[in-house]
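# Topology and contacts: notes
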Amino acid sequence: MNTKQWRLEKGLPANRLTEGVLIDAPDYTFLDGRPTPLLQKQKKRMLRQQDYARQIVESISEIDFAKQRYLDNIKAVEEERNKIINNRLKPKGKELLRKK
């Protein structure tokens, strides 16, 4: 069993250098409690995650729009069908009196 497979089985990332305390934690801290600036990889990862989130939200809104448009189209077809049925020729004169 190679190291990559072992790490994946244990729920760890395949590459130990991609994430973890040594990668994600800052190199230093300020004694007065100020936050430390983000590292290059942290900033890059954060921007990538924000981009993924933006794409997901955009895709979901497109799917919701497509669903609503589909339902509106079905409703419009049904209304058109009902309109045609209601506008059919109706009996007049003696035929109207016989049906009652």
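- Going by an unreviewed UniProt entry, the chain carries the name Large ribosomal subunit protein mL52 and comes from Danaus chrysippus.
- Of the chain, the UniProt comment under Subcellular location (unreviewed entry) reads exactly: "Mitochondrion".
- UniProt, in the comment section headed Sequence similarities (unreviewed entry), describes the chain in these words: "Belongs to the mitochondrion-specific ribosomal protein mL52 family."

### Brief notes about the environment of Arg-16
- You can see Arg-16 is positioned in the loop between α1 (3–9) and α2 (21–24).
- Expressed as a C-alpha distance, the spacing of Arg-16 and Lys-4, which sit twelve residues apart in the sequence, is 9.1 Å.

### Re the confidence of the model for the chain
- In this model, the chain carries a mean pLDDT of 85, and residues with pLDDT of at least 70 account for 92%.
- Of all secondary-structure elements in the chain, the lowest mean pLDDT belongs to α2, at 68, while helix α3 (residues 40–86) reaches the highest, 95.

Definitions and cut-offs
- Residues numbered from 1 in each chain as written.
- Predicted model: local features only at pLDDT ≥ 70, side-chain atom pairs only at ≥ 80, totals over all residues.
- Heavy atoms only, no water.
- UniProt positions renumbered as here; feature names shortened; annotations may be inferred.
- Helix = DSSP H or I, 4+ residues; strand = E, 2+ residues; numbered from the N terminus.
- pLDDT = per-residue confidence, 0-100.

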